[in-house]
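Observations on the model geometry
Residues per chain, in single letters:
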Amino acid sequence: MRVAVQSAPFDLGAEAARFAAAVPGAGAVVTFTGLVRDNGGALAAMEIEHYPGMTETAISAMVDEAARRWALVDALVIHRFGRLAAGEAIMMVATAATHRAAAFDAAEFLMDYLKSRAPFWKKEIGASGTEWVAARDADEAALKRW
Amino acid sequence: MRVAVQSAPFDLGAEAARFAAAVPGAGAVVTFTGLVRDNGGALAAMEIEHYPGMTETAISAMVDEAARRWALVDALVIHRFGRLAAGEAIMMVATAATHRAAAFDAAEFLMDYLKSRAPFWKKEIGASGTEWVAARDADEAALKRW
Amino acid sequence: MIDILYFAWVRERVGVPRERVETAAPTVAALVKELAAREDRYALAFADRASLRVALDQRLADFDAPLAGVREVAFFPPMTGG
Amino acid sequence: MIDILYFAWVRERVGVPRERVETAAPTVAALVKELAAREDRYALAFADRASLRVALDQRLADFDAPLAGVREVAFFPPMTGG
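These numbers come from a predicted model, not from an experiment.

Observations concerning the overall build of chain A
- For chain A, the count of helices and strands is four helices and eight strands.
- Secondary structure elements of chain A, listed N to C terminal, follow the sequence β-α-β-β-α-β-β-β-α-β-β-α.
- Radius of gyration (C-alpha) of chain A: 15 Å, near the 15 Å computed for a compact globule of 146 residues.
- Considered along the principal axes of its C-alpha atoms, chain A spans approximately 50 × 35 × 30 Å.
- For chain A, buried positions account for 55% of its 146 residues.
- Long-range contacts, defined as pairs at least 24 residues apart, comprise 77% of the intrachain contacts of chain A with a sequence gap of at least 6.
- A total of about 5,700 Å² of accessible surface is found on chain A, and carbon and sulfur atoms cover 52% of it.
- Between the mean site of the 15 positive side-chain charges and the mean site of the 18 negative ones, chain A shows a separation of 2 Å.

Listed below in structure tokens is the structure:
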């Protein structure tokens, strides 16, 4: 299990390949990658603030919980902070399990928790100014299914 | 949208990176990779038979259906046939959408359909002989949710 | 004349991957009956209908589907892709 | 003495990312009341309790949680990770 909170870009292809190459016995690997949407050209960049210390602890707890619930062979979370340009990868999650249902469920669980329970805050920087991204009710509601 | 049915191995990292680099406007990319499980060392290889012609047509129809239902920015399916060693990647699916729920749902939909409606048949080659993999009731049941 | 394809253990039981057959069978079910009556290897391949699937011109079909105009019939076990 | 951290628009409204505060507030709610009474920028930051979240020693907590033994309190809007 690996959790990385970093300002540096990451290579999702290399991370996915490395992850899938080291999951003995697993039959299913799921990855999720979040990208900065350009909102039709309206968004120039995104600034991500985080809470050093708490971020790593909170994500590690989520990963441990997912690994336990779905008997994961392995899991990975990478999440960036700082300034990102449109199109850049914000974060990725990878899960490996014996069967696909567990790998999918665990990845969705981690995403739902990262969205609403990991201490990150996004600010959109556009041509017409800056704005903090508001939490979506749908994201909070998504937690109820777990 | 790309569908590839091939005997050659593929590089899941390179495929994932290439896919995610060409999905303008998408905020979410999900990949699924199926690996040959070694079943604790009992499985030496897997032989995958397919129905040339029908395979490509059937998968393309699934991809079109997923793209329509979830307004996908892009989708990719790669599926191998022939002889694969334990640990090798059998297939992968990638989906890109504006938000994560659509990308996850579309990837799961494609997996459920590939499992039970794409004309592939798997034969396990172990130390104690060969055996055709039986279809799982759970896989057939999974189709009912869509 | 119709092309018949067999896959996986159906192919192994019948012994050939494909063959061309002269038939007047009006439906898949009738064709299955005709084939099963040929030889033991066919009877064995078609013994358990519930574990067989059929495609007509590369589309999944039912056993009561008509064969009129069909050029290619394929028999195989439930698919196990993914 | 307690360390107070502010993030996102709470930080922007208060004007500093963190500060050390001398307080006898027994709960988070009491601390919020104390801070909000200080200056307008605090009053503005704490105006809408429903849009605030709090963490005590880096764990999410409720506003009625006690502060006894707590060394670090953080205030921030609902998180938007992922």
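From this point, the discussion proceeds with the structure in view.
Considerations on the confidence of the model for chain C
- Overall, the predicted model of chain C reaches an average pLDDT of 97, with 100% of residues at or above 70.
- Here the prediction assigns the complex a pTM of 0.95, and the interface score ipTM is 0.94.

Some points on the interface of chain A and chain B
- Taken together, the contact pairs 31 residues of chain A with 31 residues of chain B.
- Counting the surface lost from both chain A and chain B, the interface buries some 2,600 Å², and carbon and sulfur atoms represent 58% of this.
- Contact with chain B buries surface across chain A, with Arg 37, Arg 100 and Phe 104 of chain A losing the most and accounting together for 27% of the total.
- Across the contact surface, chain A and chain B share four salt bridges.
- The interface formed by chain A and chain B includes nine residue pairs in polar contact (both at pLDDT 80 or more).
- Looking at the side of chain A that touches chain B, the elements that each hand over two or more residues are α1 (12-20), β2 (28-35), α3 (100-117) and α4 (137-142) of chain A.
- Of all the elements, β2 of chain A adds the most residues to the side of chain A that touches chain B, at eight residues.
- Residue composition of the side of chain A that touches chain B, by class: 15 nonpolar, eight polar and eight charged.
- Pairing analysis gives seven bridges linking β2 of chain A to strand β2 (residues 28-35) of chain B, with the strands arranged antiparallel. By the bridge assignment for β2 of chain B, Thr 31 of chain A is matched with Thr 31 of chain B.

With respect to the interface of chain A and chain D
- Each side of the interface is counted separately: chain A has 25 residues, and chain D has 20 residues.
- A buried area of about 1,800 Å², summed over both sides, lies between chain A and chain D, and 59% of it is on carbon and sulfur atoms.
- In terms of surface lost to chain D, no three residues of chain A exceed Tyr 51, Met 54 and Trp 121 of chain A, which account for 37% of the buried area on that side.
- The interface formed by chain A and chain D includes two salt bridges.
- The partner of Arg 11 of chain D in a salt bridge is Glu 49 of chain A, and the shortest N-O contact between them spans 2.5 Å.
- Between the two partners, chain A and chain D, sit 13 residue pairs in polar contact (both at pLDDT 80 or more).
- Elements with a minimum of two residues in the side of chain A that touches chain D: β3 (43-50), α2 (54-70), β6 (89-97), α3 and β7 (120-126) of chain A.
- Considering each element in turn, the side of chain A that touches chain D owes the most residues, five residues, to α3 of chain A.

The rules behind each value
Residues numbered from 1 in each chain as written. Chains lettered and ligands numbered in written order. Predicted model: local features only at pLDDT ≥ 70, side-chain atom pairs only at ≥ 80, totals over all residues. Heavy atoms only, no water. Helix = DSSP H or I, 4+ residues; strand = E, 2+ residues; numbered from the N terminus. Rg over C-alpha atoms; globule rule 2.2 N^0.38 Å. Buried < 20%, exposed > 50% of the residue type's maximum accessible area, 1.4 Å probe, protein only. Contact = heavy atoms within 4.5 Å. Areas by Shrake-Rupley, 256 points an atom, 1.4 Å probe, with all protein chains shown as cover. Lys, Arg positive; Asp, Glu negative; His and termini not counted. Charge placed at Lys NZ, Arg CZ, Asp CG, Glu CD. pLDDT = per-residue confidence, 0-100. Buried area = accessible area lost by both parts, 1.4 Å probe. Salt bridge = Lys/Arg side-chain N within 4 Å of Asp/Glu carboxyl O. Polar contact = N/O pair within 3.5 Å; in protein donor to acceptor, adjacent residues only side chain to side chain. Nonpolar A, V, L, I, M, F, W, Y, C, P; charged D, E, K, R; others polar. Pairing = 2+ DSSP bridges.

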